[in-house]
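Each chain, written out:
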Amino acid sequence: MTLQTPVMRMCISCRKPYDRKNLIKITKDQKQGIVFQKGMGRSAYICKSKKCYLDSKIKKKIQKALKTNLNPEFFDIFEKEIASYNDYSNKGI
Ligand SMILES: [Zn+2]
């Protein structure tokens, strides 16, 4: 195989598989704590569909996926991260 196959990961909200490049990755890094789009460790993926990242239960789902309790500051950062992905919202993903 010469073609690179995309690495698929499941969105924690809609549970559909997507190319990892098109997902928002949240990782519980052992050294850095909770990081976005980087880090090593247990990760949660959310697709760039408004339905998923604006899901009222998304906070619970992230905490469950990462097996950790997240503090309110995390969700402030999360919302800012999400805002930077709003460019995708017009593409009908
Ligand atoms: Zn999704």
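Our structure's up above, just so we're on the same page.
Analysis parameters
Residues numbered from 1 in each chain as written. Predicted model: local features only at pLDDT ≥ 70, side-chain atom pairs only at ≥ 80, totals over all residues. Helix = DSSP H or I, 4+ residues; strand = E, 2+ residues; numbered from the N terminus. Buried ≥ 20, exposed ≤ 12 C-beta atoms within 10 Å, placed from the backbone. Pairing = 2+ DSSP bridges. Axes fitted to C-alpha atoms, helices over the stretch in contact; angles between N-to-C directions. Core = buried A, V, L, I, M, F, W, Y, C linked by C-beta atoms within 7 Å. Contact = placed C-beta atoms within 7 Å.

### Considerations on the overall build of the chain
Counting its secondary structure elements, the chain contains 3 helices and 5 strands. Going from N to C terminus, the chain has its helices and strands arranged as β-β-β-β-β-α-α-α. The proportion of buried residues among the 93 residues of the chain is 19%.

### Considering the sheet that holds strand E4 (residues 33-36)
Taken in spatial order, the 3 strands make up an open sheet running E4-E3-E5, and their pairing is antiparallel. Of all strands in the sheet, those bounded by a partner on one side alone are E4 and strand E5 (41-47). Each neighbouring strand pair of the sheet contributes to a mean axis angle of 20°, computed without reference to strand direction. Pairing geometry for strand E3 (residues 23-29) and E4, over 4 bridges, is antiparallel.

### Here we look at the pairing of E3
Most of E3 is tucked away, with 5 of its 7 residues classed as buried. In this structure, E3 lies alongside E5, joined through 7 bridges in antiparallel fashion. Following the sheet pairing, Lys 28 is matched in E5 by Arg 42.

### A short note on unusual backbone geometry
Phi is positive for Gln 37, which is not a glycine, with a value near 60°. Structurally, Gln 37 can be placed in the loop between E4 and E5. Owing to 10 C-beta atoms within 10 Å, Gln 37 belongs among the exposed residues under this scheme. Even without a glycine there, the phi angle at Lys 67 is positive, about 50°.

### Overview of the nonpolar core
Counting 14 residues, the largest nonpolar core has Cys 11, Leu 23, Tyr 45 and Ile 46 as the members making the most contacts within it. In terms of residue count, E5 provides more of this core than any other element does, 4 residues in total. Residues contacting Leu 23, with those up to four places away along its chain left out, are Arg 9, Cys 11, Tyr 18, Tyr 45, Ile 46 and Cys 47.

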